[in-house]
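Residue-level structural notes
Each chain is listed here by its residues.
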Amino acid sequence: MRGDPVPPQDFVARHCRFTDLIWHGGQPTGVTESAFRPRPDENDGLSVIWVDYFQGNNRAHKLHCVRSVTKLQVRDSHRIALLQVQDLVQAASQVASLTVQEDPDENLPPQFNAAHALIRPVAEFGDIGLRHRLASRVKSADLHPYR
Amino acid sequence: VTQAATNVLLAPLDALDRAYMPRAVKDSLRSTLVAIYAAYSEDDDPQKVPPDAQSFVRLLTFLQHPHRWSWRAPALSVNPEGEFSAVWHDPGVNRWLLTFKLGDKIESVFLATLPDGRIEYNSRALDPSEEVQPPFAIG
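Before going into details, it helps to say that this report is about the structure given with it. The model shown is predicted, which means the values in this text are computed figures rather than measured ones.

**Digging into the interface of chain B and chain A**
The partner chain A presents 31 residues to the 35 residues of chain B that form the contact. Carbon and sulfur atoms supply 54% of the area buried between chain B and chain A, which totals about 2,700 Å² over both sides. The largest per-residue losses of area from chain B upon contact with chain A belong to E42, R95 and I119 of chain B, which jointly make up 22% of the total buried on that side. Run the count over chain B and chain A and you get four salt bridges.

**A short note on the sheet that holds strand β6 (residues 99–102) of chain A**
All names here are of chain A. Read across the open sheet, the six strands follow the order β6-β7-β4-β1-β5-β8; overall the sheet is antiparallel. Each edge of the sheet is formed by a strand with only one pairing partner; in this case those strands are β6 and β8 (143–145). For this sheet the average axis-to-axis angle between neighbouring strands, irrespective of direction, equals 40 degrees. Bridge count between strand β5 (residues 79–84) and β8: three bridges; the pairing is antiparallel. Counterpart to I80 in the pairing with β8 is H144. Strand contacts of helix α1 (residues 59–69): β1 (11–16), β4 (46–50), β5 and β8, with the helix running at about 120 degrees to β5, the strand carrying the most contacts. Contacts from helix α2 (residues 85–92) reach β1, β5, β6 and β7 (116–120), with the element oriented near 75 degrees to β5.

**Here we look at the environment of S34 of chain A**
Position of S34 of chain A relative to the elements: it lies in the loop between β3 (27–31) and β4. As a C-alpha pair, S34 of chain A and Q73 of chain A span 39 residues in sequence and 18 Å in three-dimensional space. Excluding residues within four positions of it along the chain, S34 of chain A makes contact with T19 and D20 of chain A together with P80 of chain B.

**Concerning the side chain of H132 of chain A**
Relative to the elements of secondary structure, H132 of chain A occurs in helix α3 (residues 128–136). Apart from the residues within four sequence positions on either side, H132 of chain A is in contact with E33 of chain A together with L97, V109, L111 and Y121 of chain B.

**Concerning the pairing of strand β2 (residues 84–90) of chain B**
Residue and element names in this part refer to chain B. A large share of β2 lies buried, amounting to six of its seven residues. In this sheet, strand β3 (residues 94–100) lies alongside β2 in antiparallel orientation, the contact comprising six bridges. Bridge pairing links D90 to N94 in β3. Taking the residues that link successive antiparallel strands as the turn, the β2-β3 hairpin has three residues, and the phi of G92 there is positive, at about 80 degrees.

**Remarks on the layout of surface pockets**
Taken as a whole, the largest pocket holds about 1,100 Å³ of empty space. Taken together, 43 residues make up the lining of the largest pocket; nearest its centre are H15, R17, R39, D41 and L72 of chain A. Class assignment for the residues of the lining of the largest pocket results in 14 nonpolar, 14 polar and 15 charged. Looking at the second largest pocket, its volume works out to about 180 Å³. Along its surface, the second largest pocket is lined by 17 residues, and E33 of chain A together with N79, S85, T99 and E107 of chain B are the ones closest to its centre. Broken down by class, the residue content of the lining of the second largest pocket amounts to four nonpolar, seven polar and six charged.

**Digging into the environment of V109 of chain B**
In this fold, V109 of chain B is placed in strand β4 (residues 106–113). Owing to a relative accessible area of 2%, V109 of chain B belongs among the buried residues under this scheme. Linking V109 of chain B and V25 of chain B, residues 84 residues apart in sequence, is a C-alpha distance of 21 Å. Beyond its immediate chain neighbours, meaning those up to four positions away, V109 of chain B contacts H132 of chain A together with R95, W96, L97, Y121, N122 and S123 of chain B.

Rules and cut-offs
Residues numbered from 1 in each chain as written. Chains lettered and ligands numbered in written order. Predicted model: local features only at pLDDT ≥ 70, side-chain atom pairs only at ≥ 80, totals over all residues. Heavy atoms only, no water. Contact = heavy atoms within 4.5 Å. Buried area = accessible area lost by both parts, 1.4 Å probe. Salt bridge = Lys/Arg side-chain N within 4 Å of Asp/Glu carboxyl O. Pairing = 2+ DSSP bridges. Helix = DSSP H or I, 4+ residues; strand = E, 2+ residues; numbered from the N terminus. Axes fitted to C-alpha atoms, helices over the stretch in contact; angles between N-to-C directions. Buried < 20%, exposed > 50% of the residue type's maximum accessible area, 1.4 Å probe, protein only. 1 Å grid on protein atoms, 1.4 Å probe; cavity = no way out; pocket = protein on both sides within 12 Å on 5 of 7 lines; lining within 4 Å. Points joined across faces, edges and corners; volume = space filled by probe spheres on them. Nonpolar A, V, L, I, M, F, W, Y, C, P; charged D, E, K, R; others polar.

Spelled out as structure tokens, the structure:
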């Protein structure tokens, strides 16, 4: 239900463009603080997809579900960055109190997205130190291509 | 890579070819640079800013100092303003970023994740001429 907290053990996915990524040897190996800069339409929270909204224990299957509900114009160089909610909250805890809340998009399909969630409060992401802290928690294994 | 991206890639690649530094570092930077420009090329954001060649040249100038030849090749990133960063990281433990800002400044950011999960964060401006010691082993 909208506003309910996403469980701490669950994962969320953040869309990353090439300027959000750290590159090494031709491959993305991490993300930078810009992955957590609020985008122009993110007035109410940072937009993520709640990965564990989807059923099953198979990570690959859930990533396919994430790809299926992504509404953005995606390119080969873009990546899905996975973050565990409790890790995200802990990484921020020295400087901010973040929550991840369900925020289903209930517009008519194809905009409908029951797995949409928001990281709040968005004002905290004006702090570059907070963004660096969150970025440092994303490892190479947490980055996934869109195909 | 589109013609437009090739044009903005030429100056950094030329500077890299002329740089005096260990071959392994040079080769790593070249493959990373090409990947970044390929990604820039396919990105269709009308607001996108091209990677800044001068920022990259200053990054090279910094790295090719003989005192830094023993450092391992950094990863690279380009922020939405087009500024290059050199990044060294032990994933999940230490991360050091040097961002070559537009103008003449270098910004150093160091993050260390402590065993209890707390994250130390330090950010400061560097003088390009100062002797820089990495905050953790990168050589």
